[in-house]
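So you can see what is in the structure, the chains are spelled out below.
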Amino acid sequence: MKDLFKNLPKCLPIILTLVFIHSASAQFVPKNEVEKQAAKLVQAYQAEVGMTIEQASEVYEKIVEVIDKENSIRNSELSTEQKKMSLMNLSKQETAHMGTILDPKQFREYKKMKKTLQPINY
């Protein structure tokens, strides 16, 4: 038992690091999960909107960015009302950006689908 306490100061930084890594990873969606979500969304949009490869690539990049920001907002210290407003603003910004990528017909279809595919959940 003495040896355990004798070596504790040497092991403490390692133990604390492992605890920190575990708790941090539990709070955030891994990057590959975000990318999987984005790929599924782009695939669903592609089926109805009919994007070019270039458009799909730009939409994918934007969706990854938005999902990352959504996760940051949800995991932040903001109040529920502040989170709601931030998520609504982020969604509006995303929609506006999609209007710069898609042609008018595609954009109309995107907006119809977005309500179902990417609802704003508070």
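Structure shown above.
Residues numbered from 1 in each chain as written. Predicted model: local features only at pLDDT ≥ 70, side-chain atom pairs only at ≥ 80, totals over all residues. Heavy atoms only, no water.

All chains considered together, the criterion is met by one cavity of 30 Å³ or more. Its volume calculated, the largest cavity comes out at about 70 Å³. Along its surface, the largest cavity is lined by Val66, Glu70, Arg74, Leu87, Leu90, Ser91, Lys114, Gln118, Pro119, Ile120 and Asn121. Contributing elements (two or more residues each) for the lining of the largest cavity: α3 (53-74) and α4 (80-101). When grouped by side-chain class, the residues that make up the lining of the largest cavity number five nonpolar, three polar and three charged. (1 Å grid on protein atoms, 1.4 Å probe; cavity = no way out; pocket = protein on both sides within 12 Å on 5 of 7 lines; lining within 4 Å. Points joined across faces, edges and corners; volume = space filled by probe spheres on them. Helix = DSSP H or I, 4+ residues; strand = E, 2+ residues; numbered from the N terminus. Nonpolar A, V, L, I, M, F, W, Y, C, P; charged D, E, K, R; others polar.)

Another aspect to go through is the layout of surface pockets. By volume, the largest pocket amounts to about 210 Å³. Forming the boundary of the largest pocket are Gln37, Lys40, Leu41, Ile67, Glu70, Asn71, Arg74, Leu117, Gln118, Pro119 and Asn121. For the lining of the largest pocket, the elements supplying multiple residues, two or more each, are α2 (31-49) and α3. Considering each element in turn, the lining of the largest pocket owes the most residues, four residues, to α3. Split by residue class, the lining of the largest pocket holds four nonpolar, four polar and three charged.

With that settled, consider the packing of α4 against helix α5 (residues 104-117). The contact between α4 and α5 brings their axes to 10 Å, and the two run at 155°. Classified by the angle their axes make, α4 and α5 are roughly antiparallel. Along this stretch, α4 crosses α5, giving a crossing that reads as right-handed. Within the contact between the two elements, α4 uses Ser91, Glu94, Thr95, Met98 and Gly99 and α5 uses Phe107, Tyr110, Lys111 and Lys114. (Axes fitted to C-alpha atoms, helices over the stretch in contact; angles between N-to-C directions. Parallel < 35°, antiparallel > 145°, perpendicular 65-115°, else oblique. Left-handed = near helix turned anticlockwise from the far one by under 90°. Contact = heavy atoms within 4.5 Å.)

Keep in mind these values describe shape, not function.
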